[in-house]
Amino acid sequence: MAWDKVLALNVKAPFHLTVALLPLLDKGSKPNDPARVINIGSSAGIRPQAFPTFAYDTSKAAINFLTQKLSYWLARRTDKGGHSITVNSIAPGYVPTKMSKQLGTYGMSGDRLNSVQPLPRTGGAEDMAGAAIFLASRAGAWVTGIVLVVDGGLLATPPGVSLSAKL
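Reading guide: rules and limits
Residues numbered from 1 in each chain as written. Predicted model: local features only at pLDDT ≥ 70, side-chain atom pairs only at ≥ 80, totals over all residues. Heavy atoms only, no water. Helix = DSSP H or I, 4+ residues; strand = E, 2+ residues; numbered from the N terminus. Contact = heavy atoms within 4.5 Å. Areas by Shrake-Rupley, 256 points an atom, 1.4 Å probe, with all protein chains shown as cover. Polar contact = N/O pair within 3.5 Å; in protein donor to acceptor, adjacent residues only side chain to side chain. Pairing = 2+ DSSP bridges. Axes fitted to C-alpha atoms, helices over the stretch in contact; angles between N-to-C directions. Core = buried A, V, L, I, M, F, W, Y, C linked by side-chain atoms within 4.5 Å. Buried < 20%, exposed > 50% of the residue type's maximum accessible area, 1.4 Å probe, protein only.

## As for the overall build of the chain
Here is step 1: Scanning the chain for helices and strands turns up 4 helices and 3 strands.
Here is step 2: Put simply, the chain runs from its N terminus to its C terminus through helices and strands in the order α-β-α-β-α-α-β.
Here is step 3: The contacts of the chain with a sequence gap of at least 6 include a subset with a gap of at least 24, amounting to 71%.
Here is step 4: Accessible area of the chain: about 10,100 Å², with a carbon and sulfur share of 65%.

## Section: the side chain of Asn10
Here is step 1: For Asn10, the location among the structural elements is in helix H1 (residues 2-28).
Here is step 2: Discounting residues that sit within four places of it in the chain, Asn10 has contacts with Tyr56, Ser59, Lys60 and Ile63.

## Considerations on the environment of Arg77
Here is step 1: Position of Arg77 among the secondary structure elements: in the loop between helix H2 (54-73) and strand S2 (85-92).
Here is step 2: Spatially, the C-alpha atom of Arg77 lies 9.8 Å from that of Leu22, the residues being 55 residues apart in sequence.
Here is step 3: Apart from the residues within four sequence positions on either side, Arg77 is in contact with Leu22, Asp26, Gly82, His83 and Ile85.
Here is step 4: Engagement of the side chain of Arg77 in a polar contact is seen with the side chain of Asp26, the distance being 2.8 Å.

## Brief notes about the sheet that holds strand S3 (residues 147-150)
Here is step 1: Spatially, 3 strands are ordered S1-S2-S3 in an open sheet, and the strand pairing comes out parallel. Each edge of the open sheet is held by one strand with a lone partner, namely strand S1 (35-40) and S3. Mean inter-strand twist for the sheet, computed between neighbouring axes without regard to direction, equals 25 degrees.
Here is step 2: Note that S1 and S2 share 6 bridges and pair parallel. Across the sheet, Ile38 pairs through a bridge with Asn88, a residue of S2.
Here is step 3: In the packing of H1 onto the sheet, contacts are made with S1 and S2, and the angle to S1 comes to roughly 165 degrees.

## Notes on the nonpolar core
Here is step 1: Core analysis: the largest hydrophobic core is formed by 10 residues, namely Leu22, Leu25, Ala35, Val37, Ile63, Leu66, Leu70, Leu74, Ile85 and Val87.
Here is step 2: With 3 residues, the single largest contributor to this core is H2.
Here is step 3: Contact partners of Leu66, with chain neighbours within four places excluded, come to Val11 and Phe15.
Here is step 4: Core analysis: the second largest hydrophobic core is formed by 6 residues, Met128, Ala131, Leu135 and Val143 among them.

The structure is reproduced here in structure tokens:
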């Protein structure tokens, strides 16, 4: 069933992988440089899409919540032989991929989305890589439990607002 596959891939797998890697994460953590877990969510897990993508949107909301839950539980690991583990999530907006191409069946395209979002372009691998580098770097060492939205400002747009009417 599609629901089971989507939830297994987007929620269960990251959880079980994190648990399996705890010994290595503990070993790699240092007092001022925690180990890092970076999950991949989606802006669709924050504001549901206008399409019948029920399992996907639900699974991405779940990974965002799991990120916050794990961030609390993994922050202090001295009793396990480690120091700290940060857990964060990157929530991409529309990025052209094999999967997002399927949104075309509902009339959505990158060009159409670009016409309504504040930064008028689709996201790319370099945008997601930049977010991951920040979270994995020393600059992100005191950041945990966040969902970093990388969507060109789409979620910052109030619902129903036409961006063509901007100042």
